[in-house]
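Tertiary structure, described
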Amino acid sequence: MAEKVVEIKNLYKSFGDLHVLKGVDLDLFREENLVILGRSGTGKSVLIKIMVGLLKQDRGQMQVLGKEVSKLPTRELNELRLKIGFSFQNSALYDSMTVRENMEFPLVRNIKNLTRKEINHRIEDLLDAVGLPQTINQMPSELSGGQKKRIGVARTLVLNPEIMLYDEPTAGLDPITCVDINNLINEVRERYKTTSIVITHDLTCAKMTGDRMAVLLDGQFSSIGTFEEVFPHAEDQRVKSFYDYNFIES
Amino acid sequence: MAEESDDRKPVLSKKIDKFFTGLADAWNFVRRFWKEVFLPPYEFKEVIHQCYRIGVESLPLISLTGFIVGIVFTNQSRPSLSEFGATSWLPSLISIAVVRAMGPLVTALIAAGKVGSSIGAEIGSMKVTEQIDAMEVSATNPFKFLVVSRVLATTFMIPILVLYTDFVALIGSFLNVNSNELVSLSTFFFQVFESISFLDIWSSVLKSLLFGFTIGIVGCYKGYNSSKGTEGVGRAANSAVVISMFLIFIEELLVLQIVNAIRTF
């Protein structure tokens, strides 16, 4: 049996009177791509933000690589964060820095004693991997939405993470660029042997990238399984309607 | 009537709650700054980068404003002094006014508008586009990188800009005095330095440190706590300027009282 990389048990999170997560349970295994689906505002992003310590759960357990995230002191939390790559919905590239500086930023701060040659080699290698070597001296404002997503992914890969978290990787992109991004997610897994969580409500993205699907509804996972197990013949009306809206022809 | 007061009560109490919660948040923000400023790692490179941005990029505006203030203030003061046949006191009057009050105030107000708003907008937009979160998940302390570096930069650079404004304003004043009263440069500056004391310069520098800290911390606080998308960014930039200016005037008043007390003592 594959090693558990993330283990979530009975996780609760509220914002004031809004109860977002109501007892979530989930396991993520090494080198699998898990897709978390759900409507907007169901707490998908909240879940992965708890995973990297950007938010804290109200109760329950969130164990990442064997460590309870909420109980880690800052130094250990930062060490754990280096093993997790977080690709943000809007790419979150630093506006005031070029692509090169964006990629250097996490590298030079966290890995000491790297020579200029090693830094350049690493950055160029990753830009090649995402197919955008020509953008190295460009500013984020000069890039298209798809390019920003790719650079965002490259920036998270610069520290060789074990886990990749993709928050809505195809949101706001045209269908062809969406397919490119989906292929990139699969390539990253194959090339860098990462374990991934993909947050989306795009079923094409889910089908292309996910080994398993988990549908988050009303603060809990209603169905977990492969795409075929969860969707085409879903009994839960809420899951079925989710599928019908994405694939109307079926 | 009773219904009206019931309706109004929660709104008022909400506003009072919001005011005091805001004050507590701001206090915690300042406390966090003082805690983080002494803890490693130190962001020297970023502090120098911000000093350059704040200092060098403000120079053209500060130069122009200081120069004009010097000329205008000299021109406006001349008629009153000439009524008493005391135009020879112009250099003394201008130097006291510029060094004690106008130099620090004008510089701080311009910096609040230019630097404070840009800090508020920059950090605010980083916040709403998740760039601050991105920094945090890459194991970098965004508070140290963004806030500490900017507040230190404004605190160090405003006093330097104030001394520069004083100098430019005095040059502007000299040109005006020279063309009207035919006073030489050496005579003008002899009178200037005769009139101002060591306490004047020190109080001006210390006041400027306080103004610089205020501009930096208010801009960062407003940006760091902005929300509601682009509207929130605009609001953060705007309130950074308004609150900084308000606090600068309050601080000016307080420092004036303290310095006057020292002078009489």
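Right above here is the structure, for reference.
I will try to describe carefully the structure that is included in this document. Remember, predicted model here, so these are calculated numbers, not experimental data. (Residues numbered from 1 in each chain as written. Chains lettered and ligands numbered in written order. Predicted model: local features only at pLDDT ≥ 70, side-chain atom pairs only at ≥ 80, totals over all residues.)

Topic: the interface of chain B and chain A
With 10 residues of chain B in contact, the opposing surface of chain A contributes 14 residues. When the residues that make up the side of chain B that touches chain A are grouped by side-chain class, the tally is three nonpolar, four polar and three charged. (Contact = placed C-beta atoms within 7 Å. Nonpolar A, V, L, I, M, F, W, Y, C, P; charged D, E, K, R; others polar.)

A short note on helix α9 (residues 229-264) of chain B
Residues and elements named next belong to chain B. Compared with the 52 Å implied by 1.5 Å per residue over 36 residues, the 52 Å span of α9 between its first and last C-alpha is a close match. When α9 is considered as a whole, its buried residues turn out to be Val233, Ala236, Ala237, Ala240, Val241, Ile243, Ser244 and Ile248. Among the structural elements, α4 (90-128) and α8 (198-224) are those in contact with the buried residues of α9. (Helix = DSSP H or I, 4+ residues; strand = E, 2+ residues; numbered from the N terminus. Expected span 1.5 Å × (residues − 1). Buried ≥ 20, exposed ≤ 12 C-beta atoms within 10 Å, placed from the backbone.)

Focus: the sheet that holds strand β8 (residues 195-200) of chain A
Where strands meet in a sheet, backbone hydrogen bonds hold them as pairs that are either parallel or antiparallel. All names here are of chain A. Taken in spatial order, the six strands line up as β6-β7-β8-β3-β9-β10 in an open sheet, and their pairing is mixed. Bordering the open sheet on either side are β6 (84-87) and β10 (220-225), each of which pairs with just one other strand. For this sheet, the mean inter-axis angle between neighbouring strands, taken without regard to orientation, is 15°. Of the strand pairs in this sheet, strand β9 (residues 212-217) and β10 are connected by five bridges, and their pairing is antiparallel. What sits directly across from leucine 217, in β10, is glutamine 220. Here helix α5 (residues 145-157) sits on the sheet in contact with β6 and β7 (163-167), set at roughly 165° to β6. (Pairing = 2+ DSSP bridges. Axes fitted to C-alpha atoms, helices over the stretch in contact; angles between N-to-C directions.)

Topic: the packing of helix α2 (residues 44-56) of chain B against helix α6 (residues 142-181) of chain B
All names here are of chain B. As a packed pair, α2 and α6 sit with axes 8 Å apart at the nearest point and diverge in direction by 45°. The angle between the axes of α2 and α6 places the two elements in the oblique class. Both α2 and α6 take part in a crossing whose hand is right-handed. Contact residues: Glu46, Val47, Gln50, Cys51, Ile54 and Gly55 in α2; Phe145, Ser149, Arg150, Leu152, Ala153, Thr154, Phe156, Met157, Ile160 and Leu161 in α6. (Parallel < 35°, antiparallel > 145°, perpendicular 65-115°, else oblique. Left-handed = near helix turned anticlockwise from the far one by under 90°.)

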